[in-house]
Amino acid sequence: MKKSSFVAMALGTVSGVLFALGMCMTLIPEWDAFRPGIIFGCVGLILGLITLIVWRKMEHKEPVRCSAKTVLTIIVGVVGALALGVGMCFTMVWGNMVVGIAIGLVGIVVLLSLIPLTKGIRE
């Protein structure tokens, strides 16, 4: 394993755990930890961005350029993840199985559309 991959894996894991813990602290009312949860979530997000910057620097890659394609890719990813999550909520939390499965499948299709959007279609 390359050193840059190990560093990215370690920092990514820590940032993911902090973000997930922050979201749990924020969204579970029994924990009564809304403000600390927001702080943990933001620290996790910031550490995730730092991880991306450190990994790209260790791999000697150029910084990410903000283009229309990059913005579109981010928007499609967010919409797909939200649709999948809403579908899961409909199914598991609100007990509306058919609507939840339909919305979840739409989210999966949107997320799958990221592959040709980022990689392109070749013969």
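Refer to the structure above for everything that follows.
Only a predicted model underlies this, so the values are computations on that prediction, with no experimental measurement involved. The numbers attached to residues start from 1 for each chain and follow its sequence in the written order. Totals for whole chains, interfaces and linings use every residue, but because this is a predicted model, local features are given only for residues with pLDDT of at least 70 and side-chain atom pairs only at 80 or more, for both listing and counting. Water and hydrogen atoms were dropped before computing side-chain values, which therefore reflect all heavy atoms in the structure.

Observations concerning the pattern of salt bridges
One side-chain nitrogen of Lys or Arg within 4 Å of one carboxyl oxygen of Asp or Glu is enough to make a salt bridge. On inspection of all chains with the given rule, the structure shows one salt bridge. Note that E59 is salt-bridged to K2, the shortest N-O span being 3.1 Å. Linking E59 in the loop between α2 (34–58) and α3 (68–92) with K2 in the segment before α1 (3–27), this pair joins segments that are 57 residues apart in sequence. Per the convention used, a helix needs a DSSP run of H or I reaching at least four residues, while a strand needs a run of E reaching at least two, with both numbered from the N terminus.

Some remarks on the environment of I103
Examined against the element boundaries, I103 turns out to sit in helix α4 (residues 97–112). Sequence separation between I103 and V71 is 32 residues, and the spatial gap between their C-alpha atoms is 23 Å. Excluding residues within four positions of it along the chain, I103 makes contact with A83, V86, G87 and F90. Here, residues are in contact when the closest pair of their heavy atoms is within 4.5 Å.

Thoughts on the packing of α3 against α4
In a packed pair of helices, the relevant descriptors are the angle between the two axes and the axis-to-axis distance. It is the contact of α3 with α4, at a shortest axis distance of 7 Å, that shows an interaxial angle of 160°. Regarding the angle of α3 to α4, the classification is roughly antiparallel. The handedness of the crossing between α3 and α4 comes out as left-handed. The residues of α4 that touch α3, namely those facing V76, G77, G80, A81, A83, L84, V86, G87, F90 and T91, are M97, V99, G100, I101, I103, G104, G107, I108, V110 and L111. Under the scheme applied, nonpolar residues are Ala, Val, Leu, Ile, Met, Phe, Trp, Tyr, Cys and Pro; charged residues are Asp, Glu, Lys and Arg; polar residues are all the others, including Gly. Its residues assigned to classes, the contact of α3 with α4 shows 13 nonpolar, seven polar and no charged. To obtain an axis, a line is fitted to C-alpha atoms, over the contacting stretch when the element is a helix, and the angle between two such axes runs from 0 to 180 degrees between their N-to-C directions. Angle categories: roughly parallel below 35 degrees, roughly antiparallel above 145, roughly perpendicular from 65 to 115, and oblique for all the rest. Two helices cross in a left-handed way if the nearer one is turned anticlockwise from the farther one by less than a right angle. They cross in a right-handed way if the turn is clockwise.

A closer look at the packing of aromatic side chains
What counts as a ring pair is set by centres within 6.5 Å for rings of Phe, Tyr and Trp (its six-membered ring), and what kind of pair is set by the plane angle: stacked under 30 degrees, edge-to-face over 60, tilted for all other angles. Under the definition given, this model contains one aromatic pair. With a centroid separation of 5.1 Å and an interplanar angle of 80°, the aromatic rings of F90 and W94 are classed as edge-to-face.

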